[in-house]
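# Coordinate analysis (summary)
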Amino acid sequence: MGNIGIYIILGLVVFALIILIKCIVIVPQAYVYVVERLGTFRCELGTGPKLLMPFVDRVAKKVSLKERVVDFKPQQVITKDNVTMQIDTVVFFQVTDAKRYTYGIENPMMAIENFTATTLRNIIGELELDSTLTSRDTINTKITAILDEETDRWGIKVIRVELKNILPPREIQESMEKQMKAERERREKILQAEGEKKSQVLVAEAEKESKILRAEAEKQAEILKAEAEKEAMILRADAVKEQKIREAAGEAQAIEQVQQALAESLKKLNEANPSEAVLTLKAYEAFMKAADGKATKIIIPSEIQGLAGLASGLKSVVESDNK
C-alpha cells in the first residue's frame, strides 16, 4: 500500500503540473487572445505570459493586429456606357478591435471581398470607360472610404484599396491600342514639325546675325577708311601749311637781308661822301633796273632827263671830232 500511495501522489503532482502548464498562456507580440469563460466573453489578453482558470477559461480566438493584404479575384463590372470589364482589387486592412472582429461577423474575409465587389460595381456603374481608365485614384479613395465605414463595426480598419488591374474587352483593347498608336504618330509628326520649325528659325537667325556682323564690319571698315583719309588730309594740309610758313619765313628773311644789305650800302655810301655825279649815276642805275621789268609805263625823273640830254650832246661832239 505504501508504494501505491506514492504512485498516486506522483500522479496527482504530474496531473497538477500539466493543468498548470495548460493554464499558462504566452501571447506573442502583435497578437490579442480573446478569452471566454464558460462560453461567455471574459477578456482580451495582450502580449506576454497570462494565467487562465483551468476547465473554465479558454482561448476563443487568436487575433493578429498586423496589417494584412488580401488580393481578391477579378470581378466583372459594367460601365455607364455598357462596357463590360474585369477589375481585380487589393485591400490593405488591420484589426483594431479583437472582440468585435471575433463576434461581429462569421467570415470577415468573405464579407470584405463581397462588399468590395458590390461597392466597385456601384462606383464603376456611374463612370464611362474613359473615366474609369483615368480615375483610379478617385475610385480607390471612394472604395476605401465606404469600406472603412462599413467594416468599423467588425473591428476592422481598411487602410487602402487599390485597383490592381483593369481589363477591358479585347476589341476595346485593340481600339485603344490603335488610338494610342495614332496619338503617338500625331505627336511624332508634331515634334518633327516643331523641330524643323526651330531649325529654320535658328538658320534664319544665324543668317541675320551674319548679315548684321558683315554690315557692322563694312561700316567699321568705312569709318576707319574715312578716318585714315581724314588723318592723311590733315597731315598733307599741315605739311603744305608748314611749307608755306617756311617759304614765307625764307622770303621774309631774304627781304630782311636785302634791306639790310641796302642799308649797309647806303651807310657806306654816306660815309664815302659821294659827289653829285656819283649820286646821279646811282640814280641812273636804279632807273635801269626799274626799266628792265615788264612795266608799260615808266616815269623818268627830270634830273635823269637832263642827264640823258647831256649824254646825247656829248655823244654828238665825240662823233664830230672823229670825223
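Residues numbered from 1 in each chain as written. Predicted model: local features only at pLDDT ≥ 70, side-chain atom pairs only at ≥ 80, totals over all residues. Heavy atoms only, no water.

## Side note on the overall build of the protein
Counting its regular elements, the protein contains 8 helices and 9 strands. Residues classed as buried in the protein amount to 20% of the 323 residues present. Considering only contacts in the protein between residues 6 or more positions apart, those separated by 24 or more positions represent 61%. A total accessible area of about 24,200 Å² is found for the protein, and carbon and sulfur atoms account for 57% of it. (Helix = DSSP H or I, 4+ residues; strand = E, 2+ residues; numbered from the N terminus. Buried < 20%, exposed > 50% of the residue type's maximum accessible area, 1.4 Å probe, protein only. Contact = heavy atoms within 4.5 Å. Areas by Shrake-Rupley, 256 points an atom, 1.4 Å probe, with all protein chains shown as cover.)

## Points about the pairing of strand β8 (residues 84–95)
Two strands pair when backbone bridges link them, and strand β6 (residues 68–71) and β8 are joined in this way by 4 bridges, in the antiparallel orientation. Pairing of D71 across the sheet is with V90, part of β8. Linking strand β7 (residues 75–78) to β8, which pair antiparallel, is a turn of 5 residues; within it N82 sits at a positive phi near 60°. Both β8 and strand β9 (residues 156–167) contribute to a ladder of 10 bridges, which runs antiparallel. (Pairing = 2+ DSSP bridges.)

## Structural notes on the packing of helix α3 (residues 108–124) against helix α5 (residues 136–151)
Between α3 and α5, the least distance of the axes is 10 Å, while the angle of their chain directions is 140°. Here α5 runs oblique to α3, going by the angle between their axes. The element α3 and its partner α5 pack so that their crossing is right-handed. For the pair α3 and α5, the contacting residues are I112, F115, T116, T119, L120, I123 and I124 in the first and I139, K142, I143, I146, L147, E150 and T151 in the second. In terms of residue class, the contact of α3 with α5 is made up of 9 nonpolar, 3 polar and 2 charged. (Axes fitted to C-alpha atoms, helices over the stretch in contact; angles between N-to-C directions. Parallel < 35°, antiparallel > 145°, perpendicular 65-115°, else oblique. Left-handed = near helix turned anticlockwise from the far one by under 90°. Nonpolar A, V, L, I, M, F, W, Y, C, P; charged D, E, K, R; others polar.)

## Looking at the sheet that holds strand β2 (residues 31–37)
Pairing is antiparallel in the open sheet, where 3 strands are placed in the order β3-β2-β5. At either margin of the open sheet sits one strand with a lone partner, and together these are β3 (40–45) and β5 (57–64). Between one strand axis and the next, the sheet turns by 25° as a mean value, whatever way the strands run. Alignment of β2 against β3, held across 5 bridges, turns out to be antiparallel. From the neighbouring strand, E36 faces β3, where its bridge partner is F41.

## Focus on a nonpolar patch on the surface
Nonpolar side chains collect at one region of the surface, where I9, V13, L17, L20, I24, I26 and L51 lie side by side and expose about 690 Å² of accessible area between them. At the level of elements, α1 (2–23) and β1 (24–27) are the ones that each hand at least two residues to the nonpolar patch. Broken down by element, the residue count for the nonpolar patch peaks at 4 residues, all from α1. Within the secondary structure, L20 sits in helix α1. (Patch = residues over 30% accessible without salt bridge, like charges linked within 9 Å, V, L, I, M, F, W, Y side chains within 5 Å. Salt bridge = Lys/Arg side-chain N within 4 Å of Asp/Glu carboxyl O.)

## Overview of α3
The first and last C-alpha atoms of α3 sit 24 Å apart over 17 residues, in line with the 24 Å expected at 1.5 Å per residue. Listed in full, the buried residues belonging to α3 are P108, A111, I112, T116, A117, T119, L120, I123 and I124. Contact partners of the buried residues in α3: β7, β8, α2 (98–103), α4 (129–134), α5 and β9. (Expected span 1.5 Å × (residues − 1).)

## Let's talk about the side chain of D57
Looking at where D57 falls in the secondary structure, it is placed in strand β5. A polar contact of 2.6 Å, which involves the side chain of D57, links it to the side chain of R37. Residues within four places of D57 in sequence aside, it is in contact with V35, E36, R37, R42 and L52. (Polar contact = N/O pair within 3.5 Å; in protein donor to acceptor, adjacent residues only side chain to side chain.)

## What about the pattern of salt bridges?
Under the counting rule described, the total for this entry stands at 11 salt bridges. Across the pair R37 and D57 runs a salt bridge, and its minimum N-O distance is 2.6 Å. One end of the pair, R37, is in strand β2; the other, D57, is in strand β5, and 20 residues separate them in sequence. A salt bridge links K157 to D148; the nearest nitrogen and oxygen atoms lie 3.1 Å apart. With a relative accessible area of 39%, K157 lands in the partly exposed category.

## A look at the confidence of the model for the protein
The predicted model of the protein has a mean per-residue pLDDT of 80, with 82% of residues at 70 or higher. When pLDDT is averaged over each helix and strand of the protein, the minimum, 49, is found for helix α8 (residues 302–322) and the maximum, 92, for β2. In the model, residues 310–315 has pLDDT below 50 throughout and makes 0 contacts with residues more than four positions away in sequence or in other chains. (pLDDT = per-residue confidence, 0-100.)

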